[in-house]
Amino acid sequence: MIQERILELADYGVATGLVEPEDRIYTINRLMELFEVEDMDDAVFEAHAACTPMTQESAEAALEGILEDMMAYAYEQGIMKENSIVYKDLFDTKIMGCLVARPSEIRAKFKNLYENVSAQAATDYFYKLSCDSNYIRRQRIKKDQKWTTDTEYGTLDITINLSKPEKDPKAIAAAKNAKQSAYPKCQLCKENEGYAGRVNHPARQNHRIIPVTINNSEWFFQYSPYVYYNEHCIVFNSKHTPMKIERATFGKLLDFVTDFPHYFVGSNADLPIVGGSILSHDHFQGGHYTFAMAKAPIERKISFTGFEDVKAGIVKWPMSVIRISGPDKERLINLADKILLTWRGYTDEAAFVYAMTDGEPHNTITPIARRRGDDYELDLVLRNNITTEEHPLGVYHPHAKLHHIKKENICLIEVMGLAVLPARLKDELAELADAIVTGKDLHSTPTLDSHAKWVEEFLPKYDSVNADNIMDILRTEVGHVFSEVLEDAGVYKCNEQGREAFARFIAAVNA
């Protein structure tokens, strides 16, 4: 069986373009070495030669089964230590690493496509490679639940993330007892490329990165293995240096969309609560996708003194967004820097905006860059991470009544209009749907009780609730909860008082 699977995986490599036809035998031999197979029967070769050649589509469909059979064999033979998800992920990445070309070859092909065809042709190639190599695990991504909800702010994207595997107890114990390593320093460092991994750090033999120069500094470009949206990419500093929103940030973002005009790119904020999960390594996220925030119109045009040539306005969005645009990058950088510096030191007690308390800074910005034809566009989202006794996780953070749906930080992706919801909601919504349809007491279990008040609030507005429509109803209402989440995260609310306070900040920038 293992001989057949080795031949099939080599065919997969050829069909997807990971392996050149002249490298097929070499790839077979590498796989034989990995599985400690010393012989290949002629009969197996002959039988395999009679099989129908793989296509891209059939290869994608076959990969999961091929790898599962290979790992079962490896475990039986003692080649793979444990038959659990963490160890299987480490080992199947090692398998796929046998099919992926060296970084220099991939970078050369990317550069050739970029220079002789187009930036999009280059990213199309690199994205496909990242999927075909199983670095982006297509079969897991398909398990994510995704839908959209129409709101007063536009059509919001909702996803329940199911593609990140849960660690098993053995792996957790092994990770706890494992020797601590500072290599790579984090999961974003360039040293991850080709790294074998360990129980507390993912394997990356099938992972490749592309060098990019932005703002005269060395960065790298890769895709996210979890792909929350189309061609979800990560752009990261070549050095392990902390996140920092500063003038240079705007230059880097605008340089990236100059080089890749079909992509947007943005940065998480650089403070806890309003920042991302990795603040220790400077990085951006981008991709080939248009979020609801990018589609949102200008609610009110504004003007900045000395920058009358730059188009500016407040965006109709639940969070507090200033949009500036124009053909001159330097003008946008200068204005964005002025807005950032003003916001860093801005306090408005009447609006409960404090730049600093007890020596701790609170104000920062989540910036997003994109192209609009010949123009550059920057969305500057004002953030504040102050906490109180009433809101210990943050005043401008999802409030407690919404935690049954979303408790986690509101990071760049959510800011733009895509809710990344916890995996627990898959089962919780299914249990809730059944309880509503069958008339079960919504306070009878802890899970149901956590959602009961929410259901009691929205259910009366539906004339008919049954098994056929209950899940659609729940998904719609989850989308509306996410809209409220964004409203909570907005510093200036979308009401008369909030807009007056927003205007005071604009005046401070112009002062």
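See the structure shown above.
Just so you know, these numbers come straight off a predicted model, no measurement behind them.

> Sorry if this is basic, but what is going on with the overall build of the protein chain here?
Secondary structure assignment for the protein chain yields 17 helices and 15 strands. Taken against the 2.2 N^0.38 rule, which gives 24 Å for 511 residues, the C-alpha radius of gyration of the protein chain at 25 Å falls within 12% of a compact globule. Across its three principal axes, the protein chain shows a C-alpha extent of roughly 80 × 60 × 45 Å. A separation threshold of at least 6 residues defines the contact pool for the protein chain, and within that pool the share at least 24 residues apart is 64%. When the accessible surface of the protein chain is summed, it comes to about 23,000 Å², and 49% of that surface belongs to carbon and sulfur atoms. The centroid of the 57 positive side-chain charges in the protein chain is displaced by 5 Å from the centroid of its 76 negative side-chain charges.

> Where do I start with the packing of helix 2 (residues 24–34) against helix 5 (residues 85–97) in this structure?
Where helix 2 contacts helix 5, the two axes come as close as 10 Å, and the packing angle between them is 150°. Between helix 2 and helix 5, the angle is such that the two are roughly antiparallel. Counting all contacts with helix 2, which are made through Arg30, Leu31 and Leu34, the residues of helix 5 involved are Phe91, Lys94, Ile95 and Gly97.

> What's the story with unusual backbone geometry in this structure? I'm lost.
Residues apart from glycine generally show negative phi values, whereas peptide bonds are mostly found in trans. With an omega dihedral of -20°, the bond running from tyrosine 183 to proline 184 counts as a cis peptide bond. Positionally, proline 184 belongs in the loop between helix 9 (169–177) and strand 3 (210–214). Unusually for a residue other than glycine, asparagine 215 sits at a positive phi of about 55°. In this structure, asparagine 215 sits in the loop between strand 3 and strand 4 (217–223). On the basis of relative accessibility, which here comes to 32%, the residue asparagine 215 falls in the partly exposed class. For asparagine 216, which is not glycine, the phi dihedral falls at a positive 60°.

> How should helix 12 (residues 329–344) be read in this particular structure?
The periodicity of an α-helix, 3.6 residues per turn, causes residues three or four positions apart to be oriented the same way. Here helix 12 is 16 residues long and its end C-alpha atoms lie 22 Å apart, about the 22 Å a rise of 1.5 Å per residue gives. Those residues of helix 12 that fall on the buried side of the exposure criterion are Leu332, Ile333, Leu335, Ala336, Asp337, Ile339, Leu340, Thr342 and Trp343. Those residues of helix 12 that are buried are in contact with helix 10 (247–259), strand 10 (321–326), strand 13 (363–372), strand 14 (375–384) and helix 17 (496–510). At the N-terminal end of helix 12, a side-chain oxygen is found 3.0 Å from the backbone nitrogen of glutamate 330, two or three residues along, and the residue is aspartate 328.

> Is there a simple way to explain the pairing of strand 4 in this structure?
Consecutive residues of a regular strand have side chains that alternate between opposite faces of the sheet. Of all the 7 residues making up strand 4, 5 are buried; the element is thus mostly covered by neighbouring parts of the structure. Examined bridge by bridge, strand 3 and strand 4 share 5 bridges and lie antiparallel to one another. Among the inter-strand pairings, valine 212 is bridged to a residue of strand 4, identified as tryptophan 219. Looking at chain direction, strand 4 and strand 5 (residues 233–237) are connected through 5 bridges and run antiparallel. Its bridge partner being in strand 5, phenylalanine 220 is matched across the sheet by phenylalanine 236.

The rules we used
- Residues numbered from 1 in each chain as written.
- Predicted model: local features only at pLDDT ≥ 70, side-chain atom pairs only at ≥ 80, totals over all residues.
- Heavy atoms only, no water.
- Helix = DSSP H or I, 4+ residues; strand = E, 2+ residues; numbered from the N terminus.
- Rg over C-alpha atoms; globule rule 2.2 N^0.38 Å.
- Contact = heavy atoms within 4.5 Å.
- Areas by Shrake-Rupley, 256 points an atom, 1.4 Å probe, with all protein chains shown as cover.
- Lys, Arg positive; Asp, Glu negative; His and termini not counted.
- Charge placed at Lys NZ, Arg CZ, Asp CG, Glu CD.
- Axes fitted to C-alpha atoms, helices over the stretch in contact; angles between N-to-C directions.
- Parallel < 35°, antiparallel > 145°, perpendicular 65-115°, else oblique.
- Buried < 20%, exposed > 50% of the residue type's maximum accessible area, 1.4 Å probe, protein only.
- Expected span 1.5 Å × (residues − 1).
- Polar contact = N/O pair within 3.5 Å; in protein donor to acceptor, adjacent residues only side chain to side chain.
- Pairing = 2+ DSSP bridges.

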